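# Descriptive analysis of the structure
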Amino acid sequence: SGQLYCSLPNPRNVHFESINMKNVLHWSAPESTGEGVLYKVKYSVYGVGKWIRKPECGNINRTWCDLSNETSDYEEQYYASVKAFLNGMCSEWVETTRFNPLTDTRIDPPIVSVSSTEKSISIILTAPEKWKRSPEEESVSLCQVYPGLQYNVSVLNKQTKKRWWFSISNNTLVVPRLEPGTVYCVSAQIHVTTPLLLSGFSKEHCIATLKDK
Amino acid sequence: TAGNRTFHFGPCRVSISMTEIRSGFTAIKANIQARDPIRTLSILSYPHSLHKGKSLDRCCITHHLFNFYVDKVFKHCKTEDHYINRKISSIANSFLSTKKSLQQCHEQNRCLCGQESTEKYNQILANYEGLDVTSAAMKSLGELDILLDWLE
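Fair warning: this is a prediction, and the values are worked out from it, not measured in the lab.

### Some details on the confidence of the model for chain B
Residue and element names in this part refer to chain B. Confidence in the prediction of chain B, expressed as mean pLDDT, is 92, and 99% of residues score 70 or more. Summarising per-element confidence for chain B, the mean pLDDT is lowest in strand β1 (residues 5-9) (89) and highest in helix α5 (residues 133-142) (98). The ipTM assigned to the predicted complex is 0.90, against a pTM of 0.92.

### Overview of the interface of chain B and chain A
With 23 residues of chain B at the interface, the matching set in chain A holds 19 residues. Note on chain B versus chain A: buried area summed over both sides is about 1,700 Å², and carbon and sulfur give 42% of it. Inspection of the chain B/chain A interface yields three salt bridges. In this structure, Asp 36 of chain B and Arg 98 of chain A form a salt bridge, with 3.1 Å as the shortest nitrogen-oxygen distance. Remark: the boundary between chain B and chain A carries 13 residue pairs in polar contact (both at pLDDT 80 or more).

### So, the state of the cysteines
Counting across every chain of the model gives six disulfides over all chains. Across the disulfide from Cys 57 of chain A sits Cys 65 of chain A; the S-S distance is 2.1 Å. Disulfide Cys 57 of chain A to Cys 65 of chain A: torsion about the S-S bond roughly 95°, handedness right-handed. In this structure Cys 65 of chain A comes out as buried when scored by relative accessible area, which is 0%. Between the sulfur atoms of Cys 60 of chain B and its disulfide mate Cys 113 of chain B the distance is 2.0 Å. Taking the torsion about the sulfur-sulfur bond, which here is approximately 100°, the covalent link between Cys 60 of chain B and Cys 113 of chain B counts as right-handed. Placement of the pair is Cys 60 of chain B in helix α2 (residues 58-73) and Cys 113 of chain B in the loop between α3 (82-107) and α4 (115-129), with a sequence separation of 53 residues. Classification of Cys 60 of chain B by relative accessible area gives buried; the value is 0%. Going through chain B in sequence order and numbering each bonded cysteine, the pairs you get are 1-4, 2-5, 3-6.

Cut-off values and rules
Residues numbered from 1 in each chain as written. Chains lettered and ligands numbered in written order. Predicted model: local features only at pLDDT ≥ 70, side-chain atom pairs only at ≥ 80, totals over all residues. Heavy atoms only, no water. pLDDT = per-residue confidence, 0-100. Helix = DSSP H or I, 4+ residues; strand = E, 2+ residues; numbered from the N terminus. Contact = heavy atoms within 4.5 Å. Buried area = accessible area lost by both parts, 1.4 Å probe. Salt bridge = Lys/Arg side-chain N within 4 Å of Asp/Glu carboxyl O. Polar contact = N/O pair within 3.5 Å; in protein donor to acceptor, adjacent residues only side chain to side chain. Disulfide = S-S within 2.5 Å. Buried < 20%, exposed > 50% of the residue type's maximum accessible area, 1.4 Å probe, protein only.

Put into structure tokens, the structure is as follows:
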């Protein structure tokens, strides 16, 4: 009767990878199964009774599935699960740990823009946006999601190699009393204190202060 | 101390060591949640997430929940892992000091409870009592981030 035998080895390392709340389920193929393995994916909201199949990730041969849409409410927590199929055999369902989009996401570095005068540089920082379903959807900045979001800013005098550090809550910073005609390089990182989240540092943005008139 | 955060619940002001509690929970989260096999029930979020209660009295719910965790959760969460147990007692101590501040607010009528908040807390107790004590306590501890996320 086409009964499936669940003796296939299980998918491994089933976990969410999340960046700016773009939540993608990843896993590794079962051990020693070679080509041709297909997968099914389901997910559930923690505390709610039912598992929900993800049709777009039914009978797929890739080892990831984008569940951003299904896990976009970051006031809820989630589980996801994967099952493998090969030649009429199947594996068990293998679950993730409980996924909390708010605390388990990683945040990209901020976007840095810099301008200068003779003796100062002005820095504007922009936090990344939360993942959204479509470009038309309203953008939500991560600083709206994390009210305690701060920026760590590094300013380096390229000549003297002297470096300043600043930690700011708003997104603009003016660094005064600099040397005219000198190159300064700026890099910034996002820091959320609780839950503790730390982005990488942005690429360095270098700019020269204007020369003395 | 560093990492303390002051919360203003109307006239009631309390300091909560959020950074310490959060880091303690992060250290035990996988271990504790793995001990809770019940996906279909939540103590804090059933039937509705704390976030969905728009007119919940934040002071009242916070006061009730800090009492709940001190009186009904931490003491029932002994594990065979000393490291986990130490983390749990550190979180419990942080809760204890905040509980006392909230108790003062309550006694001075600065932490009142409306009907929705009372109903929500009764639902939480019903969810808790629907399981055996150890399972309910372990599940509640695994949901600590739900409370922390709501607080913040």
